[in-house]
Amino acid sequence: MSVRVIRTKDELRAALRPRRAAGETIGLVPTMGYLHNGHLALIRAARERCDVVVMSLFVNPTQFREGEDLESYPRDEARDVELAEGAGADFVYAPSVEEVYPEGFATWVEVGGGLTDVLCGDPGRRGPEHFRGVTTVVAKLFNTVDPDVSFFGQKDAQQAIVIQRMARDLDFRTEIVTVPTVREPDGLAMSSRNTYLSPADRERAPALYRALSAAREAVEGGAGLDAALADARRVLAEAGIEPEYLEARYADDLTPAAAFDGGRPVLVAVAARVGAARLIDNVVLGPPPGAGTPAE
Ligand code: PAF
């Protein structure tokens, strides 16, 4: 069956109703388009788990701060639809801004608990409003699609954690699956924003993953988190990259992690501007060998 592009909530609900009534399971892959292999891995994971796969394609204006790249965000719907079909999507839901945010829109979904005002949500960076935009649009997608399973990328680890909390707190019935980051051969995490990198910056950008790998190796060699972060910082400095943040936080609640506490997995997350691109990446680390149960 070829993919069907749908523009409105009503049309999408009508298309999904008989499938659900027939007992089929529905998978949702939310995207902002300009698909790369990371997105395709999400669609393939949905294809494996679910009978019906819906990919949403919507550059969500409410998650961009004034002065960010909303206008220049790369867009190519025809290419996205073709790629989504190749990866196994049944429906591409590509609504207009007015369909998602009708005149007079005034209701927001905000996750608290210290999850949205740290790392990317720090008010000096993208701010908690970024996550408010994400959770509002994702909540709307959950309401429209009513998915059995929803798929998000580990590259946006904080986003995945925030959405998990929202789904739990607001009783969305969907299961949330986090799919591992897909990387270029040199380790750079795939991102639609990699298109902003000049050739010289593209050469420097894999330093983010090299830095995270250095942290991982340090921990595996028995070093503490502070020493591991110092190693990571050195790798970034060698590439001339000043991180916006490079932090270790517990992966369950994003509180700062100074040590492996009771075997809790630790998220080491980095964000950095490399030329015109703001890049993020992360690894999840377990305690050093012999100190508890590894996270991965
Ligand atoms: O990860 C993204 O591409 C976006 O934040 C999402 C989840 C599609 C919401 O707009």
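Since the structure is predicted, the reported quantities are computational estimates derived from the model, not experimental observations.

How each quantity is defined
Residues numbered from 1 in each chain as written. Predicted model: local features only at pLDDT ≥ 70, side-chain atom pairs only at ≥ 80, totals over all residues. Heavy atoms only, no water. Helix = DSSP H or I, 4+ residues; strand = E, 2+ residues; numbered from the N terminus. Rg over C-alpha atoms; globule rule 2.2 N^0.38 Å. Contact = heavy atoms within 4.5 Å. Areas by Shrake-Rupley, 256 points an atom, 1.4 Å probe, with all protein chains shown as cover. Lys, Arg positive; Asp, Glu negative; His and termini not counted. Charge placed at Lys NZ, Arg CZ, Asp CG, Glu CD. Near = heavy atom within 4 Å. Polar contact = N/O pair within 3.5 Å; in protein donor to acceptor, adjacent residues only side chain to side chain. Expected span 1.5 Å × (residues − 1). Buried < 20%, exposed > 50% of the residue type's maximum accessible area, 1.4 Å probe, protein only. Salt bridge = Lys/Arg side-chain N within 4 Å of Asp/Glu carboxyl O. Core = buried A, V, L, I, M, F, W, Y, C linked by side-chain atoms within 4.5 Å. Pairing = 2+ DSSP bridges. Axes fitted to C-alpha atoms, helices over the stretch in contact; angles between N-to-C directions.

Visitor: Explain the overall build of the protein chain to me, please; I cannot follow it from the model alone.
Guide: Of regular secondary structure, the protein chain possesses nine helices and nine strands. Over its C-alpha trace the protein chain gives a radius of gyration of 19 Å, about what one expects of a compact globule, namely 19 Å for 296 residues. Projected onto its principal axes, the C-alpha coordinates of the protein chain cover approximately 55 × 40 × 40 Å. Intrachain contacts of the protein chain at a sequence separation of at least 6 include 72% that bridge at least 24 residues. Carbon and sulfur atoms provide 49% of the accessible area of the protein chain, an area that totals close to 13,200 Å². Between the averaged position of the 33 positive side-chain charges in the protein chain and that of its 45 negative side-chain charges there is a distance of 1 Å.

Visitor: Would you mind going over the site of the ligand with me for this structure?
Guide: Neighbouring residues of the ligand: Pro30, Thr31, Met32, Asn60, Gln63, Val134, Val137 and Gln159. Contacts to the ligand include glutamine 63, whose side-chain N or O atom sits 2.6 Å from an oxygen atom. Residue glutamine 159 places a side-chain N or O atom 2.7 Å away from an oxygen atom belonging to the ligand. For the ligand, whose accessible area on its own is 290 Å², the fraction buried by protein is 88%.

Visitor: What is the right way to look at helix 2 (residues 37-49) in this model?
Guide: Residues spaced three or four apart along an α-helix point in a common direction, a consequence of the helix completing one turn every 3.6 residues. Over its 13 residues, helix 2 extends 18 Å from the first C-alpha to the last, a length consistent with the 18 Å expected when each residue adds 1.5 Å. For helix 2, the complete set of buried residues consists of Gly38, His39, Leu40, Leu42, Ile43, Ala45 and Ala46. Against the buried residues of helix 2 lie strand 2 (26-31), strand 3 (52-57), helix 3 (77-87), strand 5 (149-153) and strand 6 (175-179).

Visitor: I'm lost on the pattern of salt bridges in this one. Help?
Guide: In the structure shown here, the tally under the stated rule is 23 salt bridges. The shortest N-O distance in the salt bridge between glutamate 24 and arginine 19 comes to 2.6 Å. Given a relative accessible area of 24%, glutamate 24 falls into the partly exposed group. The salt bridge partner of arginine 173 is aspartate 146, with a shortest N-O separation of 2.8 Å. You can see arginine 173 sitting in the loop between helix 6 (157-169) and strand 6 and its partner aspartate 146 sitting in the loop between helix 5 (128-145) and strand 5, a full 27 residues away along the chain. Exposure remark for aspartate 146: the relative accessible area of 28% places this residue in the partly exposed category. Through salt bridges with shared partners, a single network forms among Arg20, Asp146, Asp148 and Arg173.

Visitor: Looking at this structure, how should I read the nonpolar core?
Guide: Side chains that are nonpolar tend, in soluble globular proteins, to be buried together. Leu16, Val54, Val138, Phe142, Met166 and Leu267 are the most contacted members of the largest nonpolar core, which has 43 residues in total. When contributions to this core are tallied by element, the ones reaching two or more residues are helix 1 (9-21), strand 2, strand 3, strand 4 (91-93), helix 5, helix 6, strand 8 (266-274) and strand 9 (277-285). When residues in this core are grouped by element, the largest group, eight residues, is from helix 5. Residues Ala239, Phe260, Ala272 and Val283 belong to the second largest nonpolar core, which totals 33 residues.

Visitor: Help me understand the sheet that holds strand 7 (residues 243-250) in this model?
Guide: Strands in a sheet are paired, the pairing made by backbone hydrogen bonds, and the direction either parallel or antiparallel. Strand order across the open sheet formed by three strands is 7-8-9, with antiparallel pairing between neighbours. For this open sheet the edge positions go to strand 7 and strand 9, each flanked by a neighbour on one side alone. Neighbour-to-neighbour, the strand axes of the sheet open up by a mean angle of 10 degrees, direction not taken into account. The sheet contact formed by strand 8 and strand 9 spans nine bridges and is antiparallel. Within strand 9, the position partnered with valine 270 by the bridge is aspartate 281. Contacts between helix 8 (residues 207-220) and the sheet are confined to strand 7, strand 8 and strand 9, with strand 9 contributing the most and set at about 20 degrees to the helix. Contacts between helix 9 (residues 225-238) and the sheet are confined to strand 7 and strand 8, with strand 7 contributing the most and set at about 155 degrees to the helix.

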